[in-house]
Amino acid sequence: MSEEQARIRRNSTERSGPLGQLVTMRMIILFGLLRRSGVLAQRRQFDLSETEWRIMVQVGEFAPLSLNGLAELLLQDRGQLSRAVKAMVERGLLSRERKPGGPEIEIDLTAQGREVYGRMVERVVERDHRLIDGIPPEDIKVLWRVIDTMVGRADQMMEEERQLGGEE
């Protein structure tokens, strides 16, 4: 790692200015680190891009899904998702079938996709355990309570923005 890369990494995790004092900035730093390490692990362990990983998670949880439903869950463009789904069908991870009585296509996991999804879940659980290892259970309970409160407030903030016309 170059000196510049080390400085950038250090500065991205040790913010000391006014933004570094915000809970949201610390959470963004945590999320960014987890996301980047997760993307590397997904590619290495499952040969999945970040978009493909997200598709597998949503289809694994909510199948069968239409492309519209998948796009809504992932907050992504249908065109980009359509290309990714097509590639995943060709790789044997997903199936696409016309919905009975309508023009919509249903997306589901294949047997191979279900096997990969099961291994994905195992790895996510392992990463979660590694992240919280050594943190006392009572601290984890407090963390859950705080996060649940913050999620509720963030949801309220989202609804307020929608009402103010910020929704597309």
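Quantities reported herein were computed from a predicted structural model and do not represent experimental measurements. Numbering of residues begins from 1 in every chain and follows the order in which that chain's sequence is written. A pLDDT threshold of at least 70 governs which residues receive local features in this predicted model, and a stricter bar of 80 or more applies before side-chain atom pairs are shown or counted, although totals over entire chains, interfaces and linings include all residues. Only heavy atoms go into the side-chain values, all of them from the structure, while hydrogens and water stay out.

(A) Main features of the overall build of the chain. In terms of regular secondary structure, the chain is built from seven helices and three strands. Put simply, the chain runs from its N terminus to its C terminus through helices and strands in the order α-α-α-β-α-α-β-β-α-α. Among the 168 residues that make up the chain, the fraction classed as buried is 22%. At a minimum sequence separation of 6, the contacts of the chain that also span at least 24 residues come to 43%. Only the protein chains shown count as cover for residues, and the accessible areas themselves come from Shrake-Rupley with a 1.4 Å probe. With the model as given, the accessible surface of the chain reaches about 12500 Å², and the carbon-plus-sulfur share is 54%. Helix and strand definitions here come from DSSP, where helices need a minimum of 4 consecutive H or I residues and strands a minimum of 2 consecutive E residues; each element is numbered from the N-terminal end. Accessibility here uses a 1.4 Å probe with only protein chains present; expressed as a share of the type maximum, an area under 20% marks a residue as buried, one over 50% as exposed, and anything in between as partly exposed. We call two residues in contact when some of their heavy atoms are within 4.5 Å.

(B) Local environment of the sheet that holds strand S3 (residues 105-109). Between any two strands, pairing holds if DSSP finds at least two bridges. Taken in spatial order, the three strands make up an open sheet running S1-S3-S2, and their pairing is antiparallel. Lying at the two open borders of the sheet, with one neighbouring strand each, are strand S1 (65-66) and strand S2 (94-98). Direction of pairing for S1 relative to S3: antiparallel, over a ladder of two bridges. Opposite Leu 65, over in S3, you have Ile 107 as the bridge partner.

(C) Focus on the layout of surface pockets. We place a 1 Å grid over just the protein atoms. Points where a 1.4 Å probe fits but has no way out form a cavity, open points with protein on both sides within 12 Å along at least 5 of 7 lines form a pocket, and any residue with an atom within 4 Å of a point lines it. Grid points are joined across faces, edges and corners, and a volume is the space filled by probe spheres set on the points. One number sums up the size of the largest pocket: a volume of about 1600 Å³. Considering the residues around the largest pocket, the lining is formed by 39 residues, among which Phe 31, Leu 34, Arg 127, Asp 128 and Leu 131 are closest to the centre. The set of elements that each furnish at least two residues to the lining of the largest pocket consists of helix H2 (23-46), helix H3 (50-62), helix H4 (67-74), helix H6 (111-132) and helix H7 (137-163). Three classes are used: nonpolar for Ala, Val, Leu, Ile, Met, Phe, Trp, Tyr, Cys and Pro, charged for Asp, Glu, Lys and Arg, and polar for all others, with Gly counted as polar. When grouped by side-chain class, the residues that make up the lining of the largest pocket number 24 nonpolar, five polar and ten charged.

(D) Up close: a nonpolar patch on the surface. Among the surface-exposed residues, Leu 30, Leu 34 and Leu 131 lie close enough to one another that they form a single nonpolar patch of about 230 Å² accessible area. Locating Leu 30 in the fold gives a position in helix H2. Overall, the relative accessible area of 42% leaves Leu 30 in the partly exposed class. Residues forming no salt bridge and having over 30% relative accessible area are the ones grouped into patches, like charges within 9 Å of each other and nonpolar side chains (Val, Leu, Ile, Met, Phe, Trp, Tyr) within 5 Å. Basic side-chain nitrogens of Lys or Arg form a salt bridge, by our definition, when they fall within 4 Å of a carboxyl oxygen of Asp or Glu.

(E) Main features of the nonpolar core. The criterion is simple. A nonpolar core is a set of buried Ala, Val, Leu, Ile, Met, Phe, Trp, Tyr and Cys residues joined through side-chain atoms within 4.5 Å. If you look at the biggest cluster of nonpolar residues, it comprises 22 residues, and the most contacted ones within it are Ile 55, Met 56, Val 59, Leu 70 and Leu 94. Residue assignment for this core shows that the elements contributing at least two residues are H3, H4, helix H5 (78-90), S3 and H6. The residues touching Leu 94, leaving out its near neighbours within four places in the chain, are Ile 55, Met 56, Val 59, Val 85, Met 88, Val 89, Ile 107, Asp 108, Leu 109 and Thr 110.

(F) View of unusual backbone geometry. Between Ala 63 and Pro 64 the backbone carries a cis peptide bond, its omega angle lying at -5 degrees. Relative to the helices and strands, Pro 64 resides in the loop between H3 and S1. Here the phi dihedral of Asp 47 falls at roughly 55 degrees; this positive angle occurs in a residue that is not glycine. Relative to the elements of secondary structure, Asp 47 occurs in the loop between H2 and H3. Non-glycine residue Leu 75 carries a positive phi angle of around 55 degrees. Positionally, Leu 75 belongs in the loop between H4 and H5.

(G) Structural detail: the pattern of salt bridges. A complete count under the given rule lists five salt bridges for this structure. Arg 162 is the partner of Glu 159 in a salt bridge, and the nearest nitrogen-oxygen pair spans 3.7 Å. Highlighted residues: Glu 159 and Arg 162, both in helix H7, separated by three residues, approximately one helical turn. Taking the relative accessible area as the measure of exposure, Arg 162 reaches 39% and is therefore partly exposed.

(H) Highlighting the side chain of Gln 42. Position of Gln 42 relative to the elements: it lies in helix H2. For Gln 42, the contacting residues outside a window of four places in its chain are Asp 47, Leu 48, Ser 49, Glu 50 and Trp 53.

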